[in-house]
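Observations on the three-dimensional arrangement
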Amino acid sequence: MLLPLLVALLPPSVHAEERQVVLIAHPQVANTALTRDTTRAIFAMRQRSWPDGQAVRVFVLPNNHPVHARFAKERLTVYPHQLQLAWDRMVFSGTGQAPSQVDNQIEMLERVATTPGALGYLEREYLDDRVQVVTME
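Residues numbered from 1 in each chain as written. Predicted model: local features only at pLDDT ≥ 70, side-chain atom pairs only at ≥ 80, totals over all residues. Heavy atoms only, no water.

This brings us to the pattern of salt bridges. In this structure the tally under the stated criterion is 8 salt bridges. For Glu-123, the salt bridge identified is with Arg-19, shortest N-O distance 3.3 Å. Highlighted residues: Glu-123 in strand β5 (residues 118-123) and Arg-19 in helix α2 (residues 12-19), separated in sequence by 104 residues. With relative accessibility at 3%, the residue Glu-123 sits in the buried group. In this structure, the salt-bridge partner of Glu-125 is Arg-19, at a minimum N-O distance of 2.9 Å. Of this pair, Glu-125 sits in the loop between β5 and β6 (132-136) while Arg-19 sits in helix α2, and the two are 106 residues apart along the sequence. Exposure remark for Glu-125: the relative accessible area of 44% places this residue in the partly exposed category. In the salt-bridge network here, residues are joined through shared partners; they are Arg-19, Arg-70, Glu-74, Glu-123 and Glu-125. (Salt bridge = Lys/Arg side-chain N within 4 Å of Asp/Glu carboxyl O. Helix = DSSP H or I, 4+ residues; strand = E, 2+ residues; numbered from the N terminus. Buried < 20%, exposed > 50% of the residue type's maximum accessible area, 1.4 Å probe, protein only.)

Turning next to the confidence of the model for the protein chain. Mean pLDDT over the protein chain stands at 89; residues scoring 70 or higher make up 87%. Below pLDDT 50 for its whole length, residues 2-8 participates in 0 contacts with residues either more than four positions away or in separate chains. This model gives residues 12-16 a pLDDT under 50, and the stretch forms 0 contacts once residues within four places in sequence are excluded. (pLDDT = per-residue confidence, 0-100. Contact = heavy atoms within 4.5 Å.)

Another point: the pairing of strand β3 (residues 57-60). With 2 bridges connecting them, β3 and β5 associate as parallel partners. Among the inter-strand pairings, Arg-57 is bridged to a residue of β5, identified as Ala-118. (Pairing = 2+ DSSP bridges.)

Moving on, we come to the side chain of Gln-105. Looking at the secondary structure, you find Gln-105 in helix α6 (residues 105-114). Of the residues examined, Gln-105 reaches a relative accessible area of 5% and is grouped as buried. Leaving out residues up to four positions away in the same chain, Gln-105 has contacts with Leu-61, His-65, Val-67, Leu-122, Glu-123 and Tyr-126.

Dropping the structure here:
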């Protein structure tokens with residue numbers, strides 16, 4: 001009974017910092033900063049390589065996952081259904097492919113850590129030293 005009260009009394013920045021969704025990449029990816037436009041193009045599958053030319057492998061959570069919705073809205077400033085429409089259009093027209101989908105944040109961390117050129121996202125609390133954080137400018 002006391003714990004919910006203490007959590008409610010925490011400063012919002014402390015609680016928000018733990019739940020912040022961060023962009024993560026394979027440790028050997030050379031780019032540690034991307035613009036919002038470049039990030040959006042990569043996740044929309046319009047840009048298929050990193051700025052240095054290395055192929056990018058995009059990983060996403062399911063459309064109905066709350067972290068996916070937060071990432072799309074807060075970081076990419078698009079709605080999840082807009083991303084899905086872009087992916088579907090490319091797949092059905094034969095001009096591209098959808099990103100690889102993972103089931104949860106633990107699998108996201110594993111796949112990004114072990115796939116060269118990988119890019120994904122997760123809540124900061126799931127981070128470890130197997131991946132690097134990519135900042136968005």
